[in-house]
Amino acid sequence: MSNFRWIICGLLFLATTINYMDRQVLSLTWKDFIAPEFHWTDADYGTITGLFSLFYAIANLFAGKFIDWMGTKKGYLIAIFVWSLGAVLHAGCGWVAMKIEGYPSIEALRLVQAGSDAAVAIATISVWLFLSCRLILAVGEAGNFPAAIKATAEYFPKKDRAFSTSIFNSGASVGALAAPATIPLLARVWGWEMAFIIIGALGFIWMGLWTWLYDKPAHNKRVNQAELNYIEQDSDIADVQNKQETKEEKTIPFLKCFTYKQTWSFLVGKFMTDGVWWFFLFWAPAYFSDQYGYTSDSTMGILLIFTLYAIVTILSIGGGYLPTYFVDKKGMNPYLGRMRAMFIFACFPVLGLFAQPLGAYSPWWPAILIGLLGAGHQAWSANLFSTIGDMFPKSTIGTIVGLGTMAGGIGSMSINLGSGKFFDWAAEQGAAFTFFGFEGKPAAYMVVFCICAVAYLIGWCIMKMLVPKYKPIVVE
């Protein structure tokens, strides 16, 4: 049997890695490189990350349907082209802001007195420019997971989907791992603009590989009959007998998707938990800079972020194997095994409650505990995505993934936009605002960490109430 399905899985992993590196460039450069130039506050950054999440959420409302309509190959190509273009365009924001405000150089923007009307004007125009680029980035990135999940459903049988999804989904943590080791150094040596250009250009290289290697399994010359039989093992006898008819599977109308509890279960799972991952993705570098004084391009800052995502990467891949163990060794059906595994992973984020208190002893404690939280999220996310393949026909997978990612984007917008304003407010309050023994901004971080810690268990309970047993949707 050929094993070309793992080559496809590798391409999905690579695309997701690039996706998250493009997303991370801003979080790793804003505090120490961009904010001094444009006079940004935490609220400004929170506005950018929060509205990016909103753009991403809205785009996902249509991305899944777009991928189902265009097909996996063309849809993925268009998506990565758009987001790579958006990533590269960030590099021009400084130049455009300089021209609009009438300054002779980028350095002149930086020298404007902080807090002055001129500084506020520079911050405002630059925020709008970055938001324009984030809009393009969000529209393209919205296509990544619908296309990747659809490709996984095409190339893997149900029992292997959680594992294959966990592999490509680990690209998120690998991208987040590679980012702190490369992006701050690129920004320091060549400027933050080149960091956006170099990382953004990786997507255009991926497009060539995808064009060359991808085709549907039945039409891919690199997939032999034995592998094709393995991929299609979930097909029932009638499907196998009628394969020659190549009859298209019926899809579920868009609005009808909302009539199924299975849809709402997935939406709740994404809404409650995606924002947690995005919060730490966007704010972890600023957290270590604010709380411990380690800038993103310092050796200690790089090591802390690298350690955090190394833990995420190493531990999260095994998360896809746990439901396979429950199915093969314990005889559970795929959905029950997946939900059992997801409950275990939902307990990992509770460790986030101890990150801020133990940070008083060493910054390594938050790095380690947030890493464990992130590993739990990635394992949770891989299994959550796989519940779609368990419940919905392949023709509708892209649509459901798009809806779920939209729900996750709304959750992320809420936590990121709210956190930026909350952090600025808490810093102004100082000792007047306390929580669990912390004052000011550290207290605000503790509040957000508490919310993140319990979000998964709440989400799991609601999902279990909505869909207590395995119940696939059959389209008549």
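Up top you'll find the structure we're talking about.
Computed from a predicted structure; not experimentally measured. (Residues numbered from 1 in each chain as written. Predicted model: local features only at pLDDT ≥ 70, side-chain atom pairs only at ≥ 80, totals over all residues. Heavy atoms only, no water.)

Enquirer: So what's going on with the overall build of the protein chain? Residues and values would help.
Expert: Of regular secondary structure, the protein chain possesses 19 helices and two strands. In terms of overall size, the protein chain behaves like a compact globule, its C-alpha atoms giving a radius of gyration of 22 Å where 476 residues would be expected to give roughly 23 Å. Projected onto its principal axes, the C-alpha positions of the protein chain cover 75 × 45 × 40 Å. With 476 residues in all, the protein chain has 58% of them scored as buried. A separation threshold of at least 6 residues defines the contact pool for the protein chain, and within that pool the share at least 24 residues apart is 83%. When the accessible surface of the protein chain is summed, it comes to about 18,600 Å², and 68% of that surface belongs to carbon and sulfur atoms. Taking the 33 positively charged and 31 negatively charged side chains of the protein chain as two groups, their mean positions are separated by 10 Å. (Helix = DSSP H or I, 4+ residues; strand = E, 2+ residues; numbered from the N terminus. Rg over C-alpha atoms; globule rule 2.2 N^0.38 Å. Buried < 20%, exposed > 50% of the residue type's maximum accessible area, 1.4 Å probe, protein only. Contact = heavy atoms within 4.5 Å. Areas by Shrake-Rupley, 256 points an atom, 1.4 Å probe, with all protein chains shown as cover. Lys, Arg positive; Asp, Glu negative; His and termini not counted. Charge placed at Lys NZ, Arg CZ, Asp CG, Glu CD.)

Enquirer: Which residues make up the packing of aromatic side chains, and what values go with them?
Expert: Counted by the stated rule, this structure contains 51 aromatic pairs. Ring plane angle 65° and centroid distance 4.9 Å describe the contact between W6 and F156, whose orientation is recorded as edge-to-face. With W6 in helix 1 (residues 4-38) and F156 in the loop between helix 7 (144-155) and helix 8 (158-190), this pair connects stretches of sequence that are 150 residues apart. Given a relative accessible area of 29%, W6 falls into the partly exposed group. Overall, the relative accessible area of 1% leaves F156 in the buried class. (Phe/Tyr/Trp six-rings, centres within 6.5 Å; stacked < 30°, edge-to-face > 60°.)

Enquirer: Quick one: what's the story with the pattern of salt bridges, residue by residue and with numbers?
Expert: Taken as a whole, this structure holds eleven salt bridges when the rule is applied. Between K31 and D42 there is a salt bridge whose closest N-O contact spans 3.3 Å. In this pair, K31 sits in helix 1 while D42 sits in helix 2 (residues 42-70), placing the two residues eleven residues apart along the sequence. Across the salt bridge formed by R188 and D297, the nearest N and O atoms sit 3.5 Å from each other. (Salt bridge = Lys/Arg side-chain N within 4 Å of Asp/Glu carboxyl O.)

Enquirer: Could you give me a rundown of unusual backbone geometry, with the residues and numbers involved?
Expert: Despite not being glycine, H39 shows a phi value in the positive range, around 60°. With respect to the secondary-structure elements, H39 resides in the loop between helix 1 and helix 2. On the accessibility criterion, H39 (16% relative accessible area) is buried. The backbone of F436 shows a phi angle near 50°, a positive value even though the residue is not glycine. The exposed category is assigned to F436, whose relative accessible area is 62%.

Enquirer: Pulling in residues and values, what's your account of the nonpolar core?
Expert: Nonpolar side chains tend to gather and get buried jointly when the protein is soluble and globular. Membership of the largest hydrophobic core comes to 144 residues, with the highest contact counts inside it found for W40, F130 and F279. Counting residues per element, this core draws most heavily on helix 1, at 17 residues. Non-local contacts of W40, meaning those with residues more than four positions away in its chain, are made with L26, W30, I34, A35, I48, A123, S126, V127 and F130. (Core = buried A, V, L, I, M, F, W, Y, C linked by side-chain atoms within 4.5 Å.)

Enquirer: Let's hear about the environment of A148: which residues, and what values?
Expert: Counting through the fold element by element, A148 comes out in helix 7. Along the primary structure A148 and F422 are separated by 274 residues, whereas in three dimensions their C-alpha atoms are 35 Å apart. Setting aside residues up to four positions removed in sequence, A148 forms contacts with L12, Y76 and F168.

Enquirer: Now, about helix 17 (residues 364-391): what can you tell me, with residues and values included?
Expert: Here helix 17 is 28 residues long and its end C-alpha atoms lie 41 Å apart, about the 40 Å a rise of 1.5 Å per residue gives. Among the 28 residues of helix 17, 24 are classified as buried, and the element is accordingly described as predominantly covered. (Expected span 1.5 Å × (residues − 1).)

Enquirer: I'd like a rundown of empty space enclosed by the protein, residues and numbers included.
Expert: Under the defined criterion, the tally for this structure stands at five cavities of 30 Å³ or more. Space inside the largest cavity adds up to approximately 100 Å³. What lines the largest cavity is a set of 14 residues, and nearest its centre among them are Y20, F145, K270, D274 and W278. Within the residue set of the lining of the largest cavity, elements represented by two or more residues are helix 1, helix 12 (261-292) and helix 17. One number sums up the size of the second largest cavity: a volume of about 80 Å³. Taken together, Q262, S265, F266, Y335, L384, T387, I388, M391, F392, M463 and V467 make up the lining of the second largest cavity. At the level of secondary structure, the elements contributing two or more residues to the lining of the second largest cavity comprise helix 12 and helix 17. With four residues, helix 17 is the single largest residue contributor to the lining of the second largest cavity. For the lining of the second largest cavity, the residue count by class is eight nonpolar, three polar and no charged. (1 Å grid on protein atoms, 1.4 Å probe; cavity = no way out; pocket = protein on both sides within 12 Å on 5 of 7 lines; lining within 4 Å. Points joined across faces, edges and corners; volume = space filled by probe spheres on them. Nonpolar A, V, L, I, M, F, W, Y, C, P; charged D, E, K, R; others polar.)

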